[in-house]
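A look at the structure
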Amino acid sequence: MAVAAAAMGPSALGQSGPGSMAPWCSVTSGPTRYVLGMQELFRGHSKTREFPAHSAKVHSVAWSCDGRRLASGSFDKTASVFLLEKDRLVKENNYRGHGDSVDQLCWHPSNPDLFVTASGDKTIRIWDVRTTKCIATVNTKGENINICWSPDGQTIAVGNKDDVVTFIDAKTHRSKAEEQFKFEVNEISWNNDNNMFFLTNGNGCINILSYPELKPVQSINAHPSNCICIKFDPMGKYFATGSADALVSLWDVDELVCVRCFSRLDWPVRTLSFSHDGKMLASASEDHFIDIAEVETEENLHEEKNLISPVYCRVLLAVTSTVAQRGQSGDLLSE
């Protein structure tokens, strides 16, 4: 698993401890100083490392909520979990049990020990890193390709190749609801307030349902071609979508209007990630680089180049999440 990285310890950021920030990161310094500071930081510390993870393509990765662990799911039917220790990832365990490719995974939103995997074997599995065992296997009706955990931790939503989304109670592991859609369903996600459910579809639209009622609220024509991925800003201000038209669009969560577009990629946008503070947005496609931009100005902060395939590596952009939140030495890991 190739990892694009840039050293982001307190010394590199000019931090003095947890919660402190470099002068150019402060709100009063303005976006220009922030952009210049981040560009300088990337130039001075950008590097690429490789960490053996799987015997086949990596389809999905995700950080635990505390930023200490990175989980990956692969075509080799397994999941792996790495522990971030200063400037490197140390492999903790492999998780076996699925009978087909692990196409997507996600962590519990507030419990850093639990994660869930979705597989083409028509099951989802919940894992506990403390026991290294599967604590629950839930059978589903189709080959699963998308999965997300609700912000309140109570529900897991899984989408399959037949465009059916199943909502599963995270405690009882039983289905709460099931919705069949008449369009191609790509990525799925709750909003941060847990009261709306979003789907990107093959017609270039974002479909919004009320939750838990699952009643249609709005359908937004977001892109002229397939709308592939969606990601919510941790601060709750924006969400971003990526499309086959090679564009990333940024949307105001409250107004549901597009506020800006990012257009530096040449191929369909397959994956997105915000930094922990919502100030940066990373996007990746079949292009052999990862674009990292400032959210408010669209300005390019860095292009991590010479990657074999950022789509299949799909290592999430932590930016300062694993470091600035905890005030520890570490690497910036990019998607």
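Residues numbered from 1 in each chain as written. Predicted model: local features only at pLDDT ≥ 70, side-chain atom pairs only at ≥ 80, totals over all residues. Heavy atoms only, no water.

Throughout the structure, instances matching the rule amount to 14 aromatic pairs. Plain terms: the ring middles of Phe115 and Trp127 are 6.4 Å apart, the flat faces sit at 20° to each other, and that makes the pair stacked. Remark: Trp127 occurs in strand S9 (residues 123-128) and Phe115 occurs in strand S8 (residues 114-119); sequence separation between them is twelve residues. Using a relative accessible area of 0% as the deciding quantity, one classes Phe115 as buried. Taking relative accessible area as the criterion, Trp127 reaches 2% and is therefore assigned buried. Look at Phe198 and Phe232: their rings are 5.0 Å apart centre to centre, the planes differ by 80°, and that puts the pair in the edge-to-face class. Here Phe198, found in strand S16 (residues 196-201), pairs with Phe232, found in strand S19 (residues 227-232); they are 34 residues apart in sequence, far enough to count as distant. Exposure remark for Phe198: the relative accessible area of 0% places this residue in the buried category. Given the relative accessible area of 10%, Phe232 is considered buried. (Phe/Tyr/Trp six-rings, centres within 6.5 Å; stacked < 30°, edge-to-face > 60°. Helix = DSSP H or I, 4+ residues; strand = E, 2+ residues; numbered from the N terminus. Buried < 20%, exposed > 50% of the residue type's maximum accessible area, 1.4 Å probe, protein only.)

Our focus in this paragraph is the side chain of Asn201. In this fold, Asn201 is placed in strand S16. Judged by relative accessible area, which is 2%, Asn201 ranks as buried. Each residue touching Asn201, except ones within four places of it in the same chain, is listed here: Phe183, Glu184, Asn186, Asn207, Asn226 and Cys227. (Contact = heavy atoms within 4.5 Å.)

This next bit is on the UniProt feature "repeat: WD" (unreviewed entry) in the chain. In this structure's numbering, the residues bearing the UniProt feature "repeat: WD" (unreviewed entry) are residues 51-92, 95-137 and 220-254. Secondary structure content for residues 220-254 is 0% helix and 54% strand, and the end C-alpha separation is 14 Å. (UniProt positions renumbered as here; feature names shortened; annotations may be inferred.)

Time to look at the sheet that holds S9. Read across the sheet, four strands follow the order S7-S8-S9-S10 without closing on themselves; strand pairing throughout is antiparallel. With one partner strand each, in any of the chains shown, strand S7 (102-107) and strand S10 (133-139) form the two edges of the open sheet. Taken pair by pair, the neighbouring strands of this sheet meet at an average axis angle of 20°, ignoring direction. Relative to S10, S9 runs antiparallel, the two sharing six bridges. Looking at the pairing, Thr123 lines up with Asn139 of S10. (Pairing = 2+ DSSP bridges. Axes fitted to C-alpha atoms, helices over the stretch in contact; angles between N-to-C directions.)

Before going further, it helps to examine the side chain of Asn186. When you line up the elements, Asn186 lands in strand S15 (residues 185-190). For Asn186, a relative accessible area of 13% corresponds to the buried category. Among the polar contacts listed, one links the side chain of Asn186 to the backbone oxygen of Cys227, at a separation of 2.7 Å. For Asn186, the contacting residues outside a window of four places in its chain are Asn146, Thr200, Asn201, Gly202, Asn226, Cys227 and Ile228. (Polar contact = N/O pair within 3.5 Å; in protein donor to acceptor, adjacent residues only side chain to side chain.)

Right, let's get into the confidence of the model for the chain. On average, the chain scores 83 in pLDDT, and the residues at 70 or more come to 82%. For residues 2-30, every residue scores under 50 in pLDDT, and the model assigns this stretch 80 contacts once sequence neighbours within four places are set aside. The low-confidence segment residues 310-335 (pLDDT under 50) makes 125 contacts with residues lying over four places distant or belonging to another chain. (pLDDT = per-residue confidence, 0-100.)

Bringing the sheet that holds strand S5 (residues 79-85) into the picture now. Overall, antiparallel pairing links the four strands, which are arranged S3-S4-S5-S6 in an open sheet. Of all the strands in the sheet, the pair left with one neighbour each is strand S3 (58-63) and strand S6 (88-95). In this sheet, adjacent strand axes meet at a mean angle of 25° when their direction is disregarded. The sheet contact formed by S5 and S6 spans seven bridges and is antiparallel.

The peptide bond linking Tyr211 to Pro212 adopts the cis configuration, its omega dihedral lying at 15°. Assignment of secondary structure puts Pro212 in the loop between strand S17 (205-210) and strand S18 (216-221). Positive phi is not limited to glycine here, since Glu298 has a value of about 70°. The class of Glu298 is partly exposed, set by a relative accessible area of 31%.

Applying the stated rule across the entire model yields nine salt bridges. Among the salt bridges present, the one from Lys161 reaches Glu143, with a minimum N-O distance of 3.3 Å. Of this pair, Lys161 sits in the loop between strand S12 (155-160) and strand S13 (164-169) while Glu143 is found in the loop between S10 and strand S11 (144-149), placing the two residues 18 residues apart along the sequence. Given the relative accessible area of 33%, Glu143 is considered partly exposed. Here Lys237 makes a salt bridge to Glu296, at a shortest N to O gap of 3.2 Å. Placement of Lys237 in the loop between S19 and strand S20 (238-243) and of Glu296 in the loop between strand S25 (289-294) and strand S26 (300-305) is noted, with a sequence separation of 59 residues between them. Salt bridges sharing partners connect three or more residues here, namely Asp113, Asp128 and Arg130. (Salt bridge = Lys/Arg side-chain N within 4 Å of Asp/Glu carboxyl O.)

Before going further, it helps to examine the nonpolar core. Core analysis: the biggest nonpolar cluster contains 15 residues, and Ala240, Val248, Leu250 and Leu281 have the highest contact counts within it. Those elements that provide at least two residues to this core are S19, S20, strand S21 (248-252), strand S23 (271-274) and S25. The contacts of Val248, once residues within four sequence positions are left out, are Ala240, Thr241, Arg260, Cys261, Phe262, Val269, Leu272, Leu281 and Ser283. (Core = buried A, V, L, I, M, F, W, Y, C linked by side-chain atoms within 4.5 Å.)

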